[in-house]
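A closer look at the structure
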Amino acid sequence: MSRFTIGATDFELDGRPHRVLSGALHYFRVHPAQWADRIHKARLMGLNTIETYVAWNAHSPQRGDFDTTEGLDLGRFLDLVAAEGMHAIVRPGPYICAEWDGGGLPGWLFDDPAVGVRRSEPLYLEAVDEFLRRVYEIVAPRQVDSGGPVVLVQIENEYGAYGDDSAYLRHLVDLTRASGITVPLTTVDQPTDEMLEAGSLPELHKTGSFGSRADERLATLRRHQPTGPLMCSEFWDGWFDHWGEHHHTTPVAEAAAELDALLAAGASVNIYMFHGGTNFGFTNGANHKGMYQSHVTSYDYDAPLDEAGFPTEKFFAFREVIARYAAVPDEVPAAAMPAPVLEASFDTVLPLRDAVAHGTAGPWRSAHEVPTMDSLGRYTGFTLYRVGLPVAAGASPRVLSFGEVRDRAVVSVDGVRVGVLQRDHHDHAITLPAGDVLEVLVEDQGRVNYGVRIGEAKGLIGPALLDGTPLVDWQALPLDLDAVVASLGGGGAVSTAVDATRASSGAAGSAVDTARASSGAVPLAGPVFAHATLHVDEPVDLYLDTSSWGKGVVWVNGFSLGRYWSRGPQHTLYLPGEQLRAGANDVVVFEVGAAASAGLSFVARPDLGHTEQ
Ligand code: GLA
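For clarity, every value in this text was computed on a predicted model and none was experimentally measured.

Quick look at the packing of aromatic side chains now. For any two aromatic rings, the description comes down to two numbers: the centre-to-centre distance and the angle of the planes. Evaluated as defined, the whole model comprises 30 aromatic pairs. Between Tyr53 and Tyr272 the ring centres are 6.4 Å apart and the planes differ by 70 degrees, which places this aromatic pair in the edge-to-face class. Linking Tyr53 in strand β5 (residues 49–53) with Tyr272 in strand β11 (residues 268–275), this pair joins segments that are 219 residues apart in sequence. When sorted by exposure, Tyr53 lands in the same class as Tyr272, which is buried. Ring centres of Phe382 and Phe590 lie 5.2 Å apart, and the angle between their planes is 75 degrees; on these two criteria the pair is classed as edge-to-face. Of this pair, Phe382 sits in strand β17 (residues 382–388) while Phe590 sits in strand β35 (residues 583–591), placing them 208 residues apart in sequence. Using a relative accessible area of 1% as the deciding quantity, one classes Phe382 as buried. Accessibility expressed as a relative area gives 0% for Phe590, which makes it buried. Every member of this aromatic cluster is reached through a ring pair, and the members are Tyr53, Trp236, Trp239, Phe240, Tyr272, Tyr299 and Tyr301. Positioned above the aromatic ring of Trp565, the side-chain terminus of Lys551 is 4.5 Å from the ring centre. Lying across the ring of Trp565, Arg567 places its NZ or CZ 4.8 Å from the centre.

Here you go:
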């Protein structure tokens, strides 16, 4: 058992000055079988601490849930940190930003429009308390003074960039202390006087988030935190990517020099990120600064460990810098190896309309006015909308418009694709040909995780108008993609059973109108599902090449690797070897756009896209 405290000039471990050398590693972005490896590699770079956020919406996809199984087993993650002989910092939010869907705040939280966002509003606080109590049940027994690894807990996240409700912060502090958290509590803010002023309380230890100009930033921080250790709680060593932009990297020598300056100034640090990982499934967030920009699937972050956990040049440069200030182990992690190059063909193609017609994608719901996804109790993924078009009184074509599309709508009339409305193009209206039935397939591309749009609903936002007249009597179907994927054999069953199921259900007509694709590449006219069987001798990490596809999502053995988009910058998806099994594996692609000639191909190296240089 140890005591971790804040002294007059330093963090103190059992009364002795202690510098925190921490690296950010989000357990919810890394396969749980890889946690120990990534933590070990952090120690090899010379770090003594691992920091993680806690993603509320991952643990609680519905109110009342608190899932701590498998990849959400925070307790096990912290125990692995302890087993490596390292400390831990926990940042439970409830808001975490982090380029994560909604900044971690669950969509259901905002079902009641009276709910406040990041302020002391009772409905919001009640839900926050439920969540934090559960988190602290895991964290409290794992604090240093109980023999565990946790040395610091952060209150909120960069709150000064959002609000100034000190009663809200005080509520979080009171709940944290009442839940048995005894270690020092911190806040983090961007180093401006306004944000540092608004984002904290006198009893909390203030820290900064920045990636450059350490001396200047630490001086600003010092004005607001006159005593105790200076800490950069987010030393940004890389950056994240949006779809449609370049892939962000930072020059290694510059990043290392910035780290050196920070450590030379005597500061403690949390390197953000040490290892970024992946926004698997639909977990990415988005920015909205006048324009909606969603984050890509990879969260590589140009960090010391790449997305697949291999050391980069930055790893070795940082290790060298850290060695000037602290003991660094001699062992170094193994270098990156090229991944196996593999090919497979799609064997089954299932148009979305067939999955819908057979009920595999779930039941339709009715609503008079166009409903948001959230009002249907669905907070992620795709929703299909359908409405009858009134008989054209006047001339065709007619104009369809929505208040807003969140975030991307594929519009079709009588089953024929008309076009796409994209939020990031500020599209609201589209010309329709004559026809009877309008269908709109809407993708939630990730909830905004920073700024004033946190908590907004997704889907089609009314009014829905045809030539200015409201369209009413809608049907909406939040797609149960997992069910469709499972029906195609992606549900994790063993390969022989999968083949048998597909054959027998096809015969019974319930596997819908599957067209057996001939071997080789096939055209994919989306929205369509395509299945392939991938044979591997042994499960190893792979990079799936998505460059010949349009836009969609991929599942391997029922696990979603995330979104792909021809728009880039990212053109490969990381497939952790732990998701594979020796022998046959099910791969399902949901292609929303089109691909002229599609097959499965795995390449030797990741392609995260063009950089600015
Ligand atoms: C801020 C937030 C983090 C993350 C970074 C950018 O510092 O606190 O959660 O969003 O920006 O990667």
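Further remarks concern the packing of helix α8 (residues 252–264) against helix α9 (residues 313–323). Remark: α8 packs on α9, axes separated minimally by 9 Å, with the N-to-C direction vectors making an angle of 25 degrees. By the angle between their directions, the pair α8 and α9 is classed as roughly parallel. Every pair of crossing elements has a handedness; the one defined by α8 and α9 is right-handed. Here Val252, Ala255, Ala256, Leu259, Asp260 and Leu263 of α8 lie close against α9, whose contacting residues are Glu313, Lys314, Ala317, Phe318, Val321 and Ile322. Taken together, the residues that form the contact of α8 with α9 break down as nine nonpolar, no polar and three charged.

Right, let's talk about the site of the ligand for a bit. Taken together, 14 residues are adjacent to the ligand, and Tyr53, Glu99, Asn157, Glu234 and Tyr301 come closest. Within the side chain of Glu158, one N or O atom sits 2.8 Å away from an oxygen atom of the ligand. Computed on the free molecule, the ligand has an accessible area of 300 Å², of which 96% lies beneath the protein chains in the complex. Counted by class, the shell around the ligand contains 10 nonpolar, one polar and three charged residues.

Quick look at the environment of Ala334 now. Mapped onto the fold, Ala334 is located in the loop between α9 and β14 (342–344). On a C-alpha basis, the gap between Ala334 and Leu78 in space is 24 Å, while along the polypeptide they are 256 residues apart. Setting aside residues up to four positions removed in sequence, Ala334 forms contacts with Phe310 and Pro311.

Next up on the list: the sheet that holds strand β26 (residues 469–470). What links the strands of a sheet is backbone hydrogen bonding, and the strands pair in either a parallel or an antiparallel sense. One open sheet holds the four strands; their spatial order is β22-β18-β25-β26, and the pairing between them is antiparallel. The strands lining the two open edges of the sheet, one partner per strand, are β22 (429–432) and β26. The pairing of strand β18 (residues 398–401) with strand β25 (residues 465–466) spans two bridges and is antiparallel. Opposite Leu400, over in β25, you have Leu466 as the bridge partner.

Looking at the element boundaries, Glu156 is found in the loop between β7 (150–154) and α5 (166–178). Among the residues examined, Glu156 registers a relative accessible area of 0% and is labelled buried. One polar contact links Glu156 to Tyr168, side chain to side chain, over a distance of 2.6 Å. Those residues in contact with Glu156 that sit more than four places away from it in its chain are Gly93, Tyr95, Arg118, Tyr124, Tyr168, Leu169 and Leu172.

About the criteria used
- Think of each chain on its own: its residues are numbered from 1, step by step along the sequence as written.
- Given that this is a predicted model, residues contribute local features only at a pLDDT of at least 70 and side-chain atom pairs are listed and counted only at 80 or more, while totals for whole chains, interfaces and linings are drawn from all residues.
- Computation of side-chain values covers all heavy atoms of the structure but excludes hydrogens and water.
- Working definition: rings of Phe, Tyr and Trp (its six-membered ring) pair if their centres are within 6.5 Å, and the pair is stacked with planes under 30 degrees apart, edge-to-face with planes over 60 apart, and tilted otherwise.
- Secondary structure elements are taken from DSSP: a helix is a run of H or I of four residues or more, a strand is a run of E of two residues or more, and numbering for both begins at the N terminus.
- Accessibility here uses a 1.4 Å probe with only protein chains present; expressed as a share of the type maximum, an area under 20% marks a residue as buried, one over 50% as exposed, and anything in between as partly exposed.
- Only when the NZ of Lys or the CZ of Arg is both within 6 Å of the ring centre and within 35 degrees of the ring normal is a charge said to sit over the ring.
- Axes, fitted as lines to C-alpha atoms, cover a helix only where it is in contact. Angles between the N-to-C directions of the axes lie from 0 to 180 degrees.
- Any angle between 65 and 115 degrees counts as roughly perpendicular, while under 35 counts as roughly parallel, over 145 as roughly antiparallel, and the rest as oblique.
- Each crossing gets its hand from how the near helix is turned against the far one by less than a right angle, where anticlockwise is left-handed and clockwise is right-handed.
- Contacts between residues were defined by any pair of non-hydrogen atoms, one from each residue, lying within 4.5 Å.
- Each residue is assigned to one of three groups, with Ala, Val, Leu, Ile, Met, Phe, Trp, Tyr, Cys and Pro labelled nonpolar, Asp, Glu, Lys and Arg labelled charged, and all others, Gly among them, labelled polar.
- Here a residue counts as near a molecule or strand whenever at least one of its heavy atoms sits within 4 Å of it.
- Distance and chemistry together define a polar contact, namely a pair of N or O atoms within 3.5 Å, with one atom able to donate a hydrogen and the other to accept it when in protein, and with adjacent residues in sequence counting only for side-chain atoms on both sides.
- Working definition of accessibility: Shrake-Rupley area with a 1.4 Å probe, residue cover restricted to the visible protein chains.
- Paired strands are those between which DSSP finds at least two bridges.

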